[in-house]
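Residue-level listing of the chains:
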Amino acid sequence: MSHTRNAAIAVVGIDIGKNSFHVVGLDQRGAIVLRQKWSRSQVEARFANMPPCLIGMEACVGAHHLSRKLKALGHDARLMPAKYVRPYLKGQKNDFRDAEAIAEAVQRPTMKFVATKTADQLDLQALHRVRERLVSQRTGIINQIRAFLLERGVAVRQGLRFLRAGLAQILATRTDVLSPRMVHLIEDLAGDWRRLDERIEGLSADIETLVQHDPACQRLMTVPGVGPIISSAMVAAIGRGEVFSKGRDFGAWLGLVPKQTSTGDRTILGRISKRGNRYLRVLFVQAAWVVLIRPKNWERYGLKPWIEAAKKRLHRNVLAIALANKLARIAWSVLAHGRNFEARKIDEAAAQSA
């Protein structure tokens, strides 16, 4: 490519692959002036020789790293959710058309962008992802042990701690229904369970250590129901929350708002939309349940008037989701404005809405 051709490029769309990148460049009028396939090793060198331009990419594996590199070279690199790029795809799908759609989408003034994650955020996110996988594996093992016991008429009370406390005694005393082979198999599964417990505890300790040195996480932990896991997961996902203009947008991104189907004068609100970050949504719902099962703390957090009013008109599961949305919005406000949670402000808001 000649320098003149580079100078004409105003917008670039990159379709990121494992080893190869499909690149489409548009000029000021929107005409295609660059359409090439580059290897991963070529990308940085090519963009280093290009005048600063707007570069669009889908937020996927490797996109945050590349975005940081391109910003360091002086380009305006932006990440977008893949589903928001799809409407700009024309004709049959291929990699060059994907890159062209990305170049079209990144110019839209109403486009929603994803904030580029720092290396620290990605490290924290990796800890959470590994921990989530291990917790899922542990749940699978516990369910399998329960199923094997139930098949032989041994029912254990619901709850992880009851199975953990009673398993040794069951294996020792219920030899009338458990064969030696089954006892040995369940002992092996219990060993896997112990090893997973150790790994999960180790990762949780690593997360807690990181949280202690992060002021944003410390502020988030002043919010009711929010501890080291939720605070660090939120910082890993959204940084300082600049990508959202208000807490309501963050709640909608988490998928904690009703799914809306409106036409004409009819507005139909359904179940929650469940879009966005599933892991963080689940954590906020758990936080809501933690708050709900401790009524003595409602007054201290300034949530008592709101919860008691909501309890009269909502099913408890719906109440938990509504509270999760409220906690998420409070958490975003704490993070974005750099201040601790204050119950007094919630009291004032409740008084104003009454």
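Heads up: the structure comes first, above all this text.
Quick caveat, the model's predicted, so the values are computed rather than measured. (Residues numbered from 1 in each chain as written. Predicted model: local features only at pLDDT ≥ 70, side-chain atom pairs only at ≥ 80, totals over all residues. Heavy atoms only, no water.)

A. Expanded view of a positive patch on the surface. Together, Lys83, Arg86, Lys112 and Arg275 make up a region of like positive charge exposed at the surface. With respect to the helices and strands, the residue Lys112 is situated in the loop between α5 (95-105) and α6 (119-151). By relative accessible area, which is 53% here, Lys112 ends up exposed. (Patch = residues over 30% accessible without salt bridge, like charges linked within 9 Å, V, L, I, M, F, W, Y side chains within 5 Å. Areas by Shrake-Rupley, 256 points an atom, 1.4 Å probe, with all protein chains shown as cover. Salt bridge = Lys/Arg side-chain N within 4 Å of Asp/Glu carboxyl O. Lys, Arg positive; Asp, Glu negative; His and termini not counted. Charge placed at Lys NZ, Arg CZ, Asp CG, Glu CD. Helix = DSSP H or I, 4+ residues; strand = E, 2+ residues; numbered from the N terminus. Buried < 20%, exposed > 50% of the residue type's maximum accessible area, 1.4 Å probe, protein only.)

B. Layout of the packing of α6 against helix α7 (residues 160-173). Relative orientation of the contacting elements α6 and α7 amounts to 50°, with a least axis distance of 12 Å. One way to sum up the angle between α6 and α7 is to call them oblique. Of the two possible hands of crossing, α6 and α7 adopt the one that is left-handed. In this structure, α6 contributes Arg138, Ile142, Ile145, Arg146 and Leu149 to the contact, and α7 contributes Leu160, Leu163, Leu167 and Ile170. (Axes fitted to C-alpha atoms, helices over the stretch in contact; angles between N-to-C directions. Parallel < 35°, antiparallel > 145°, perpendicular 65-115°, else oblique. Left-handed = near helix turned anticlockwise from the far one by under 90°. Contact = heavy atoms within 4.5 Å.)

C. The pattern of salt bridges, seen in detail. Applying the stated criterion to the full structure yields 14 salt bridges. For Asp98, the salt bridge is made with Lys93, and the minimal N-O distance between the two is 2.6 Å. Asp214 is paired through a salt bridge with Arg240; the nearest N and O atoms lie 4.0 Å apart. Placement of the pair is Asp214 in the loop between α8 (180-212) and α9 (215-220) and Arg240 in the loop between α10 (228-238) and α11 (247-254), with a sequence separation of 26 residues. By relative accessible area, which is 16% here, Asp214 ends up buried. Residue classification places Arg240 among the partly exposed positions, given a relative accessible area of 37%.

D. A look at the packing of aromatic side chains. The final tally for this structure, using the stated rule, is five aromatic pairs. Pairing Trp38 with Phe47 gives two aromatic rings, centres 5.3 Å apart and planes at 70°, and the pair type is edge-to-face. For Phe47, a relative accessible area of 0% corresponds to the buried category. With a centroid separation of 5.5 Å and an interplanar angle of 65°, the aromatic rings of Phe244 and Phe250 are classed as edge-to-face. On the basis of relative accessible area, Phe250 is assigned to the buried category, the value being 0%. Joined through ring pairs, the aromatic side chains of Phe244, Phe250, Trp253 and Phe284 make up one cluster. Between Arg35 and the ring centre of Phe96, over which it is positioned, the NZ or CZ distance is 4.2 Å. Sitting above the plane of the Phe113 ring, Arg78 keeps its charged end 5.2 Å from the centroid. (Phe/Tyr/Trp six-rings, centres within 6.5 Å; stacked < 30°, edge-to-face > 60°. Lys NZ or Arg CZ within 6 Å of the ring centre and 35° of its normal.)

Keep in mind these numbers describe shape, not what the thing actually does.
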